[in-house]
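Chain residues, written in single-letter form:
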Amino acid sequence: VTDVFISSDNIITSLGFSTGENAVNMLADKTGIQLTENERIAPTPFYASLINSAQLFDRFSTFDDPDKFTRFEQLAICSLKDALSGSEIDLTDSKTLFILSTTKGNIDLLEKENELKFSRERIYLWNTAHLLQTYFKFRHEPVVISNACISGVQAIITGARLIRANLFKNVVINGTDIITEFVLSGFNSFQSLSTGPCRPFDKTRNGLSLGEGSGTIILTSKPVMSAGTNYILVGEGFSTNDANHISGPSRTGEGLFIAINRLSKKSPLDVDYISAHGTATLYNDEMESIAITRAGLQSVPVNSFKGYWGHTLGAAGIIESIMGIWSINNSVILNTKGYNISGVTNPIFIINKPVQKEINTCLKIASGFGGCNAALIFYKK
Amino acid sequence: VKENYIISSYCSIQKNLVVVDNKSVYSGTSADFGEFSASIYKHFAVSYPKFHKMDNLSKLAFLSVELLSGNKKSDQKYKGDEIGIILMNSSSSLDTDRHHQDTIIDRSNYFPSPSVFVYTLPNVAIGEISIRHKIFGEGNFFIMEKFNPQFMVSYIQQLFYNEIIKCCIAGWVEIDGNDYESVVFLIEKTDRTDEGIANFEPGTIQKIYNKMK
C-alpha cells in the first residue's frame, strides 16, 4: 500500500498568513471573530472573522497586480504560493493533481458592483480552478470538490485515495471561502448566526460565527526525508449521508457515527485526539456529542477551532486538519475557545485549556448541509 | 484482480427528452425546465411530495435516479451504507445561487429565504437522493468544465476496488438556466460479462453521453 505523506501546508485567516502565525495567535488565546460593520456584507453589524483587505492587498502587491484578481483568487494564490514554496513536488508532472475545495468560490461576482469588473465566466468554479492551474502551471486538469461544510475533509480523503490508487503521486489541495452578503444573508435567514463570538459545545452557545479562510495542504507519496522530523500520514477517511434531512443534522448522529465506525475494524477506534466540527449551533454540537459517544470515544480529548477563526466553510476541513497535524507535531491540544460549561447532553471530553500530550493519531470529523458527514485519520509514522 | 463493473441501467434527461437504457421513454414540449420536470413527475406517476420543494438541480438529479430501471431492486439488494452517490457538473448550484442573489439585491426588498439558500450547495442533490432511497454511503460532488469520463471511471473504480461501495449511482447533472443535461448511471460489480447495458468504462459512458448531445 502506498503511504500518503504531508509535504507542506499553509493557513490564512484573520489570525495570520501562515500556519505558524495562526498557531502562535491561537496559543495566545486570540480570536479573529469581531463585531464588524460592513455595509456591503450586511445592513447591520455582525460577528465574523474577516481577513484584513488592506493586508491582503499589500501582500499580494509584492508579487502581482491585485486588481487583476478577485478577493477569492488573491487568497487562494497567497496560500498556494506559501505552501508550494515549502514543498519539493513537481507541479508540471502529469501525476500531480490540483484540487480546489470551496462552497461558493467567486460568488461575490454576482453582486452588481462586481458584474463588470471580471468576465462572466469567472464565477464558474471550474474556471476558478483553471485560473489557479494556469497561475501555478499544474499540468493535469484540476478538480473542484463542493460538498458544503465537509468539502475540505472530503478533498483530503479524495486526494489520499487517488494517491493510494497510484493514479497520482502528489495532490495539492487548496480550500478557500470568503464571506459575502450572499453567504451571511443565507445563514442569517436560517437564524444560525451567533449573537456574539461563537461558543462551541458551550451551554450558552446560540449559533455559529462565519469566517474567511484559505488553506493549502500538499499530499505526496514521495516525501523528501530528513532526519529527526516526524512524518505525518493521511490515513483512511470516509464520507456518509444521514439520509434524514437536507438542512438539519441527524438527531441520532447516524451518518457521522457510521463514518467514524468505518475507520477501524476495532471498536472503539484507537485515537488520541478528536478535532471536531464544533460549529456552535445547538444541533450540530449536540449531534457530534451523540456520534462520538456512540462510537465509544467519549473519553478522548475533543476540541473545536471555530472560536478562533469562525466557520470557514470550504476552507474549514483543510485548515482544521492542518491544525490537527500541527497538534500531533507539537504534542499539544489547543483549548476550545468560547467553551466554558458543557451544553451537550452526552458528556464528551471537551478541552478548555491547552493540554500537553503525546498524540499519535488525530481524528478529524465534519458535517454539513445535505446531510453529509466525513471522518478522517492522521497519524505519526 | 480484474473486476468487472457494469452499467445496470442509465437515465438521461436533456432537451425535453428522457431516455432510459437506450430507449426514449418520454418527451415534452416545454422550454422551461420547471414545467418539463413537473410533466415527467406526472407522466411517471412519481409520488413524493418533497419533490415540489426542490430546486431545479435537485429535481433533475432526483428524476434521473428515480427513472433508473433497477433502482427499486438495488435498494433491496444492497445495504444503505454500501451504495455511493457521485455526481458531477460544470455550473455547481449557480442556477439557484442567482435566485438567492435576487432576493438580496435590493435592500428595500430584502427577503433571503432558507428554503432557497439551502439549495445553493450542489451536494444537497446528493442529500435528496439519499433521503429518498435511504442511502448512507459515500457521497461526493465534483465540478469540472466538461463531462469527464476518465476521471469519473477511475475515481469510482477505486471506490469499488477498496470495498468502500458495492453499488454506485453516478452521473453528470448540469443545469444553468434552461440549459440542462443529465446522465446518471447505476453501476454494480459482477463476475459475468453478459449483464447490464454496457461495461462501466470511459469509452462506453462517453458514447452514452454523446448520444444525448
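Residues numbered from 1 in each chain as written. Chains lettered and ligands numbered in written order. Predicted model: local features only at pLDDT ≥ 70, side-chain atom pairs only at ≥ 80, totals over all residues. Heavy atoms only, no water.

Let us now look at the overall build of chain A. Tallying secondary structure elements over chain A gives 10 helices and 15 strands in all. Residues classed as buried in chain A amount to 66% of the 381 residues present. Sequence-distant contacts, at least 24 apart, represent 76% of the contacts inside chain A between residues at least 6 apart. Distance between charge centres in chain A, computed from 33 positive and 35 negative side chains, equals 5 Å. (Helix = DSSP H or I, 4+ residues; strand = E, 2+ residues; numbered from the N terminus. Buried < 20%, exposed > 50% of the residue type's maximum accessible area, 1.4 Å probe, protein only. Contact = heavy atoms within 4.5 Å. Lys, Arg positive; Asp, Glu negative; His and termini not counted. Charge placed at Lys NZ, Arg CZ, Asp CG, Glu CD.)

Summed over the entire model, instances satisfying the criterion amount to five cavities of 30 Å³ or more. Estimates place the volume of the largest cavity at around 100 Å³. If you trace the largest cavity, you find it lined by Thr103(A), Lys104(A), Ala148(A), Cys149(A), Val183(A), Phe187(A), Leu313(A), Phe369(A), Phe117(B), Thr120(B) and Leu121(B). Here the residues of the lining of the largest cavity sort into eight nonpolar, two polar and one charged. Quantified by volume, the second largest cavity comes out at close to 80 Å³. Around the second largest cavity sit Thr103(A), Lys104(A), Ile107(A), Ile123(A), Tyr124(A), Leu125(A), Ser90(B), Ser91(B), Ser92(B), Ser93(B), Leu94(B) and Asp97(B), which together line it. (1 Å grid on protein atoms, 1.4 Å probe; cavity = no way out; pocket = protein on both sides within 12 Å on 5 of 7 lines; lining within 4 Å. Points joined across faces, edges and corners; volume = space filled by probe spheres on them. Nonpolar A, V, L, I, M, F, W, Y, C, P; charged D, E, K, R; others polar.)

Another point: the pattern of salt bridges. What the rule picks out here adds up to 21 salt bridges over all chains. Across the pair Arg107(B) and Glu181(A) runs a salt bridge whose closest N-O atoms are separated by 2.8 Å. Of this pair, Arg107(B) sits in the loop between helix H4 (94–102) and helix H5 (114–117) while Glu181(A) sits in helix H6 (residues 181–189), on two different chains. The residue Glu82(B) makes a salt bridge to Lys166(B) at a minimum N-O spacing of 3.4 Å. Within this pair, whereas Glu82(B) is found in the loop between helix H3 (71–77) and strand S4 (83–89), its partner Lys166(B) is found in the loop between helix H7 (149–161) and strand S6 (167–176), the two being separated by 84 residues in sequence. For Glu82(B), a relative accessible area of 14% puts it in the buried group. Looking at Lys166(B), the relative accessible area reads 46%, which means it is partly exposed. Three or more residues are tied together by salt bridges with common partners; here these are Glu39(A), Glu181(A) and Arg107(B). (Salt bridge = Lys/Arg side-chain N within 4 Å of Asp/Glu carboxyl O.)

Okay, the interface of chain B and chain A next. Counting residues at the interface gives 50 residues for chain B and 55 residues for chain A. Taking both sides of the interface into account, the surface hidden between chain B and chain A amounts to around 4,400 Å²; carbon and sulfur atoms contribute 60%. Remark: the boundary between chain B and chain A carries four salt bridges. The greatest single-element share of the side of chain B that touches chain A, amounting to six residues, is contributed by helix H6 (residues 124–133) of chain B. (Buried area = accessible area lost by both parts, 1.4 Å probe.)

Looking now at the layout of surface pockets. Residues and elements named next belong to chain A. Looking at the largest pocket, its volume works out to about 880 Å³. Residue lining of the largest pocket: 41 residues in total, with Ile51, Ser53, Leu56, Arg71 and Glu212 positioned closest to the centre. Elements that contribute at least two residues to the lining of the largest pocket include exactly helix H1 (19–27), strand S2 (34–36), helix H2 (53–61) and helix H3 (71–85). For the lining of the largest pocket, the element with the most residues is H2, which contributes five residues. Split by residue class, the lining of the largest pocket holds 16 nonpolar, 16 polar and nine charged.

Attention now moves to the environment of Leu162(A). For Leu162(A), the position within the fold is in helix H5 (residues 151–164). Among the residues examined, Leu162(A) registers a relative accessible area of 1% and is labelled buried. Sequence separation between Leu162(A) and Leu97(A) is 65 residues; the distance between their C-alpha atoms is 9.2 Å. What Leu162(A) contacts, discounting residues up to four positions off in sequence, is Leu97(A), Leu167(A), Phe168(A), Phe151(B) and Tyr155(B).

Core analysis: the biggest nonpolar cluster contains 200 residues, and Leu219(A), Leu297(A), Leu363(A) and Ile156(B) have the highest contact counts within it. In terms of residue count, the dominant contributor to this core is H3(A) (eight residues). Setting aside chain neighbours within four positions, we find Leu363(A) in contact with Ile260(A), Leu263(A), Leu269(A), Val271(A), Tyr273(A), Ile274(A), Ser275(A), Leu297(A), Ala375(A), Leu376(A) and Ile377(A). (Core = buried A, V, L, I, M, F, W, Y, C linked by side-chain atoms within 4.5 Å.)

All names here are of chain A. With respect to burial, H6 is a largely interior element, eight of its nine residues being buried. All buried positions along H6 are accounted for by Glu181, Phe182, Val183, Leu184, Ser185, Gly186, Phe187 and Ser189. Of the residues flanking the end of H6, it is Gln191, one or two places downstream, whose phi is positive at about 55°.

Residues of chain B with pLDDT of at least 70 account for 99%, and the chain-wide mean is 94. Here the prediction assigns the complex a pTM of 0.98, and the interface score ipTM is 0.97. (pLDDT = per-residue confidence, 0-100.)

Residue and element names in this part refer to chain A. Where burial is concerned, most of strand S9 (residues 232–241) is hidden: nine out of the 10 residues are buried. With eight bridges joining them, S9 and strand S15 (residues 372–380) adopt antiparallel strand pairing. Along S15, the bridge assignment pairs Val234 with Phe378. (Pairing = 2+ DSSP bridges.)

Along the chain, Asp242(A) falls in the loop between S9 and helix H7 (254–261). The side chain of Asp242(A) sits in the buried core without any salt bridge; Arg294(A) is the nearest counter-charge, 8.4 Å away. Looking at Asp242(A), its side chain comes within polar contact range of the main-chain nitrogen of Gly255(A), at 3.0 Å. Excluding residues that lie within four positions of it along the chain, Asp242(A) makes contacts with Pro249(A), Ser250(A), Glu254(A), Gly255(A), Leu256(A), Gly371(A), Asn373(A) and Phe136(B). (Polar contact = N/O pair within 3.5 Å; in protein donor to acceptor, adjacent residues only side chain to side chain.)

All names here are of chain B. Residue placement: Ser9 occurs in strand S1 (residues 4–14). Ser9 gets classed as buried once you look at its relative accessible area, which sits at 0%. Sequence-distant contacts of Ser9, defined by excluding residues within four places in its chain, comprise Val20, Asp21, Leu68, Ser69, Gly70, Val184, Phe185, Leu186 and Ile197.

What follows concerns the packing of aromatic side chains. All names here are of chain B. Here the structure, examined in full by the defined rule, presents 29 aromatic pairs over all chains. A ring pair is formed by Tyr10 and Phe185, whose centres lie 6.3 Å apart and whose planes are at 45°; its orientation type is tilted. Separated by 175 residues along the polypeptide, Tyr10 in strand S1 and Phe185 in strand S7 (residues 179–190) bring together distant segments of the chain. Given the relative accessible area of 0%, Phe185 is considered buried. Ring geometry for Tyr26 versus Phe36: centroids 6.2 Å apart, planes at 10°, classification stacked. Taken together, the positions of Tyr26 in strand S3 (residues 23–27) and Phe36 in helix H1 (residues 33–43) put the pair 10 residues apart, joining distant regions of the chain. (Phe/Tyr/Trp six-rings, centres within 6.5 Å; stacked < 30°, edge-to-face > 60°.)

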